[in-house]
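Overview (structure and organization)
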Amino acid sequence: MLSTLSLLLEKRPHKQWQIEDFSGIDQLHLGGIPATLALLDWLPNGAKSGLDIGCGLGGTSRLLSNERDCNMVGLDLNHQYIRAAMLLNQSIQPEPQCQFVIGNSLRLPFSEHSFNFVISQHSTMNIKQKEALLKGLYSVLKPQGHLLIHEIMLQPHASENDILYPTPWAHEKGESHLCHWQLFNDLALAIGFKVDHFKDDTDAALTWIRQTRQQKAPPPFRPTLALGANAAMMSANVLGNIEAGYLHVISARLCKL
């Protein structure tokens, strides 16, 4: 991926690369850029230091830097993704205020009270230890800090056995650890979070994925570059799982008390 990405970035258009040019590879969560912008409506104006967990190629971090003048740290386990995020950042002028770090969301390499907010877009579905994750995020947030989430979760009546794979977060069932919102909410409350904003974005996500599957991503940055040759199958399975009533898309803001 990295060699291909480097070559594509060298073929710069007459204008400079813009953040939006990379949305086909760095905004692959359901809803794309509009979903991220909607989540940012819940971000307090004074929140300027943020952590983007499971940041992938860094699209959410760059958007926050550009739209809200935030100093962002993007964290991901995938070495190639972090290197790609750096390459994309360096290709934009002025360079977005983003630092990208290889790391595990369950073992955060940051001190307590480091960030005004944490944002997570489709990054928790393959993390089994949800309680440990939430405790770690609670720790690195400053008092009155916020956790913004935009995640795919199991519908109340559904189980992991219902889900068809591969998906963007897991090639097979054993790699996936989907959660019901009620369990996630209960864990967050027990740790000390308060859920003060909540929205079920399933209908909007369905509209978006149906539309994007009917359109080819503009060249040269297409999802196969980030997700591999099975990108179309992954997309089809996500659509099928939602249409079957097994998955829904949740957005929420959790405040550290």
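First things first, this report covers the structure right here in the doc. (Residues numbered from 1 in each chain as written. Predicted model: local features only at pLDDT ≥ 70, side-chain atom pairs only at ≥ 80, totals over all residues. Heavy atoms only, no water.)

Pairing in this open sheet of 7 strands is mixed, and the strands run β3-β2-β1-β4-β5-β7-β6 from one edge to the other. The strands lining the two open edges of the sheet, one partner per strand, are β3 (98-102) and β6 (193-200). Here the average twist between neighbouring strands, direction ignored, is 20 degrees. Pairing of strand β1 (residues 49-53) with strand β2 (residues 71-76) involves 5 bridges; the strand directions are parallel. Residue pairing for β2: Ser49 is matched across the bridge by Asn71. Relative to the sheet, helix α5 (residues 79-90) contacts β2 and β3, its axis offset from that of β3 by approximately 165 degrees. Contacts between helix α6 (residues 130-140) and the sheet are confined to β1, β4 (115-121), β5 (141-154), β6 and β7 (247-256), with β5 contributing the most and set at about 150 degrees to the helix. (Pairing = 2+ DSSP bridges. Helix = DSSP H or I, 4+ residues; strand = E, 2+ residues; numbered from the N terminus. Axes fitted to C-alpha atoms, helices over the stretch in contact; angles between N-to-C directions. Contact = heavy atoms within 4.5 Å.)

Now for the packing of aromatic side chains. A complete count under the given rule lists 7 aromatic pairs for this structure. Taking 5.9 Å as the distance between ring centres and 45 degrees as the angle between the ring planes, the aromatic pair formed by Trp17 and Phe22 counts as tilted. For the pair Trp17 and Phe22, one class covers both residues: buried. Centroid distance Tyr138 to Phe193: 5.1 Å. Interplanar angle 90 degrees. Geometry classified as edge-to-face. (Phe/Tyr/Trp six-rings, centres within 6.5 Å; stacked < 30°, edge-to-face > 60°. Buried < 20%, exposed > 50% of the residue type's maximum accessible area, 1.4 Å probe, protein only.)

Once that is clear, we can look at the nonpolar core. Formed by 28 residues in total, the largest nonpolar core has its most connected members in Leu51, Leu147 and Phe193. Every element with two or more residues in this core is listed here: β1, β2, β4, α6, β5, α7 (181-191) and β7. Setting aside its immediate chain neighbours within four residues, Phe193 contacts Leu134, Tyr138, Leu141, Leu147, Ala188, Leu254, Cys255, Lys256 and Leu257. Judged by nonpolar contacts, the second largest core, of 18 residues, contains Leu154, Ala170, Ala205 and Ile242. (Core = buried A, V, L, I, M, F, W, Y, C linked by side-chain atoms within 4.5 Å.)

Bringing the environment of Ile242 into the picture now. Residue placement: Ile242 occurs in helix α10 (residues 231-243). For the pair Ile242 and Gln182, spaced 60 residues apart in sequence, the C-alpha separation works out to 18 Å. Residues within four places of Ile242 in sequence aside, it is in contact with Leu30, Thr202, Leu206, Leu247 and Val249.

This part takes up α10. Counted at 1.5 Å a residue, the expected span for α10 with its 13 residues is 18 Å, and the 18 Å between its end C-alpha atoms agrees. Of all the positions in α10, only Ala231, Met234, Ser235, Asn237, Val238, Leu239, Asn241 and Ile242 are classed as buried. The elements touched by buried residues of α10 are α8 (202-214), α9 (223-227) and β7. Where α10 terminates, the next one or two residues include Gly245, which has phi positive at roughly 85 degrees. (Expected span 1.5 Å × (residues − 1).)

The side chains of a regular strand alternate between both faces of the sheet. In the sheet, β2 pairs with β3 via 5 bridges, with the strands oriented parallel. Note that in β3 the partner of Leu75 across the bridge is Val101. Traced from β2 through α5 to β3, the parallel crossover comes out right-handed. (Right-handed = clockwise from strand over helix to strand, strands pointing away.)

Orientation of helix α1 (residues 2-10) relative to α5, taken along the N-to-C sense of each, is 10 degrees, at an axis distance of 10 Å. One element, α1, and the other, α5, form an angle in the roughly parallel class. Each of Leu2, Leu5, Ser6 and Leu9 in α1 lies in contact with α5, whose residues at this interface are Gln80, Arg83, Ala84, Leu87 and Leu88. Looking at the contact of α1 with α5 residue by residue, the class counts come to 6 nonpolar, 2 polar and 1 charged. (Parallel < 35°, antiparallel > 145°, perpendicular 65-115°, else oblique. Nonpolar A, V, L, I, M, F, W, Y, C, P; charged D, E, K, R; others polar.)

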